[in-house]
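The chain contents come next:
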Amino acid sequence: MRITVECYGASQRWCGAELISLDLADAASVAAALDELAGRYPDFASRRETVAVAIGDEIVASARVLADGERIALIPPVSGG
Amino acid sequence: MRITVECYGASQRWCGAELISLDLADAASVAAALDELAGRYPDFASRRETVAVAIGDEIVASARVLADGERIALIPPVSGG
Amino acid sequence: MNLSRLRHGALDLAEWLAGPMPGHCGGLAVFAGTVRDVHEGRAVVGIKYHAHPALAERRLAEIEVEGARRFGVQLSVGHAVGELKVGDASVVIVVRAGHRAEAFEACRWAIDTLKQTVPIWKEERYAEGPARFLEGTPIKPVEQT
Amino acid sequence: MNLSRLRHGALDLAEWLAGPMPGHCGGLAVFAGTVRDVHEGRAVVGIKYHAHPALAERRLAEIEVEGARRFGVQLSVGHAVGELKVGDASVVIVVRAGHRAEAFEACRWAIDTLKQTVPIWKEERYAEGPARFLEGTPIKPVEQT
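Calculation criteria
Residues numbered from 1 in each chain as written. Chains lettered and ligands numbered in written order. Predicted model: local features only at pLDDT ≥ 70, side-chain atom pairs only at ≥ 80, totals over all residues. Heavy atoms only, no water. Contact = heavy atoms within 4.5 Å. Buried area = accessible area lost by both parts, 1.4 Å probe. Salt bridge = Lys/Arg side-chain N within 4 Å of Asp/Glu carboxyl O. Polar contact = N/O pair within 3.5 Å; in protein donor to acceptor, adjacent residues only side chain to side chain. Helix = DSSP H or I, 4+ residues; strand = E, 2+ residues; numbered from the N terminus. Buried < 20%, exposed > 50% of the residue type's maximum accessible area, 1.4 Å probe, protein only. Axes fitted to C-alpha atoms, helices over the stretch in contact; angles between N-to-C directions. Parallel < 35°, antiparallel > 145°, perpendicular 65-115°, else oblique. Left-handed = near helix turned anticlockwise from the far one by under 90°. Nonpolar A, V, L, I, M, F, W, Y, C, P; charged D, E, K, R; others polar. Core = buried A, V, L, I, M, F, W, Y, C linked by side-chain atoms within 4.5 Å. Phe/Tyr/Trp six-rings, centres within 6.5 Å; stacked < 30°, edge-to-face > 60°. Lys NZ or Arg CZ within 6 Å of the ring centre and 35° of its normal. Pairing = 2+ DSSP bridges.

Draft legend 1. Spotlight on the interface of chain D and chain A. The interface is formed by 30 residues belonging to chain D together with 20 residues belonging to chain A. Taken together, both faces of the contact between chain D and chain A bury some 2000 Å²; the carbon and sulfur share is 59%. By the criterion of area lost to chain A, the three top residues of chain D are H52, W121 and F133 of chain D, representing 31% of everything that side buries. Between chain D and chain A we count two salt bridges in total. Of the charged contacts in the structure, one is a salt bridge between R58 of chain D and D57 of chain A, with a shortest N-O distance of 3.2 Å. Across the chain D-chain A interface, the total number found is twelve residue pairs in polar contact (both at pLDDT 80 or more). Listed by contribution, the elements that provide at least two residues to the side of chain D that touches chain A are strand 4 (42-51), helix 2 (53-71), strand 6 (89-97), helix 3 (100-117), strand 7 (120-126) and strand 8 (132-133) of chain D. Per element, the largest residue contribution to the side of chain D that touches chain A is five residues, and it comes from helix 2 of chain D.

What follows is the structure, encoded as structure tokens:
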């Protein structure tokens with residue numbers, strides 16, 4: 001299956017793009033998606049523990065199972081205010 | 001000599017007037033003026049320790065010597081804000 | 001701005017916020033006090049604010065200077081005199097600071113200090129019964145707060 | 001008011017203060033954050049604010065609800081997105097409270113919480129050299145602040 005990763009804030013720089021398509025095994029988890037990104041992008045790999053993942057307007061757990069066509073958003077450390 | 005007392009805030013109620021004329025001995029002090037007011041107005045006498053005196057834009061000590069024609073202001077406990 | 005700090009009637013917050021934010025400042029803290037509709041269980045219809053104008057202006061200016069010195073901020077203080085109704089703003093403190101910590105500290109210090117050092121008196125008017133002056137606190141110098 | 005809490009461009013403080021003061025409230029506390037002209041010794045010309053819009057709107061609303069619950073106050077929170085220049089307001093917190101103590105506490109809590117819980121990122125632009133995203137803090141839920 002294929003999912004889309006939206007890279008917010010500095011994660012755009014770490015991964016080199018705002019949108020990334022990932023081909024994953026069916027029923028892969030958020031963790032599996034992050035593993036795939038970490039394999040591709042060393043700058044992401046070194047910051048992975050600081051990054052949360054959102055789907056829609058919710059932060060999701062890394063065990064969350066993904067569906068074909070879903071979009072996940074990388075939420076790196078925040079700096080608003 | 002004669003001085004004028006301006007009564008601010010609740011001191012108007014204690015002394016029953018906004019302006020009071022006092023006839024005092026020459027070179028009388030602020031303390032002497034307050035003694036005179038305390039003798040006349042029991043509601044002032046009971047609150048005297050809480051009241052400051054201003055001349056112009058300054059709080060003055062009770063030892064301050066008054067001159068004929070001077071105006072002093074009674075500054076009761078404040079409640080601004 | 002070189003405004004008088006003591007104003008007749010309710011304060012207009014927008015006017016107090018109109019000054020530009022200096023480029024080295026990142027935090028603006030504002031406090032405004034307004035007339036409440038109830039006090040000690042009694043329905044309030046308004047408050048008449050009385051002041052000793054010369055000393056009040058001087059003390060408000062001293063709060064600005066002392067606040068700037070203590071907290072390293074830019075501070076503006078205003079207070080209303082005369083008749084105010086429920087919801088009207090009687091006092092405003094505006095602090096422009098490098099960062100939020102000192103903005104909040106200075107703003108809190110300024111309103112607490114104003115209440116103890118500025119010769120202003122509330123005469124509260126009620127839905128029923130005569131108006132009265134509120135109990136206050138003996139006036140102190142700004143440096144002693 | 002039923003405004004969107006995330007706005008494009010600099011915030012207009014007057015707009016956020018326009019609501020009436022409820023009669024039972026006596027204290028209004030406001031905090032606004034503005035773009036500073038220097039950061040870590042570098043001359044700053046502006047900041048581009050990026051947000052995850054859906055989650056940011058939700059978190060800003062949660063701060064209003066949680067602040068009202070914790071402090072018993074009425075709270076409004078707004079944040080800018082897009083390009084801001086030095087002096088522009090990027091964030092505003094407005095608290096209407098019975099008294100000043102809870103007004104200040106809630107205002108301080110809200111800005112501190114916003115900085116840890118809302119998915120917004122500063123990309124700072126300098127007089128010299130490339131823009132960069134600032135280091136931040138891993139996002140937390142509002143209830144954990």
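Draft legend 2. Region of interest: the pattern of salt bridges. All chains considered together, the criterion is met by 36 salt bridges over all chains. The closest approach of N and O atoms between E66 of chain D and R69 of chain D, which form a salt bridge, is 2.9 Å. Linking E66 of chain D with R69 of chain D, this pair stays in helix 2, spanning three residues, or about one helical turn. In this structure E66 of chain D comes out as buried when scored by relative accessible area, which is 11%. Residue classification places R69 of chain D among the exposed residues on the basis of a relative accessible area of 60%. Salt bridges linked by common partners bring D57 of chain A together with R58, R59 and E62 of chain D together as one network.

Draft legend 3. The packing of helix 2 of chain D against helix 3 of chain D, seen in detail. Residues and elements named next belong to chain D. Close contact between helix 2 and helix 3 brings their axes to 10 Å; oriented N to C, the two are set at 150 degrees. The angle between helix 2 and helix 3 falls in the class roughly antiparallel. The interaxial crossing formed by helix 2 with helix 3 has right-handed handedness. Judged by residue contacts, R59, L60, I63, E66, G67, R70 and F71 of helix 2 engage E102, E105, A106, W109, A110, T113, L114 and T117 from helix 3. The class makeup of the residues in the contact of helix 2 with helix 3 is seven nonpolar, three polar and five charged.

Draft legend 4. Fine view of the nonpolar core. Counting 94 residues, the largest nonpolar core has I63, I93 and V95 of chain C together with I63, I93 and V95 of chain D as its most contacted members. Beyond its immediate chain neighbours, meaning those up to four positions away, I63 of chain C contacts L75, V77, W109, A110, T113, L114, T117, V118 and V142 of chain C.

Draft legend 5. Highlighting the packing of aromatic side chains. All chains considered together, the criterion is met by six aromatic pairs over all chains. Look at Y8 of chain A and W121 of chain D: their rings are 5.7 Å apart centre to centre, the planes differ by 25 degrees, and that puts the pair in the stacked class. Taken together, the positions of Y8 of chain A in the loop between strand 1 (2-7) and helix 1 (11-15) and W121 of chain D in strand 7 put the pair across two chains. When sorted by exposure, Y8 of chain A lands in the same class as W121 of chain D, which is buried. For the pair F71 of chain C and W109 of chain C, a centre-to-centre distance of 5.7 Å together with 55 degrees between the ring planes defines the contact as tilted. Here W109 of chain C lies in helix 3 (residues 100-117) and F71 of chain C lies in helix 2 (residues 53-71), a separation of 38 residues in the sequence. Like W109 of chain C, F71 of chain C is buried. Above the face of the Y126 of chain C ring, R42 of chain C is positioned so that its terminal group lies 3.7 Å from the ring centre.

Draft legend 6. Structural detail: the sheet that holds strand 4 (residues 58-60) of chain B. Residues and elements named next belong to chain B. With mixed pairing, the five strands of this open sheet are ordered in space as 2-1-5-3-4. Only two strands of the sheet have a single neighbouring strand rather than two, namely strand 2 (19-23) and strand 4. Put simply, the sheet's adjacent strands are angled 35 degrees from each other on average, direction ignored. Pairing analysis gives three bridges linking strand 3 (residues 52-55) to strand 5 (residues 71-75), with the strands arranged antiparallel. Considered in strand 5, the bridge of A54 is made with A73.

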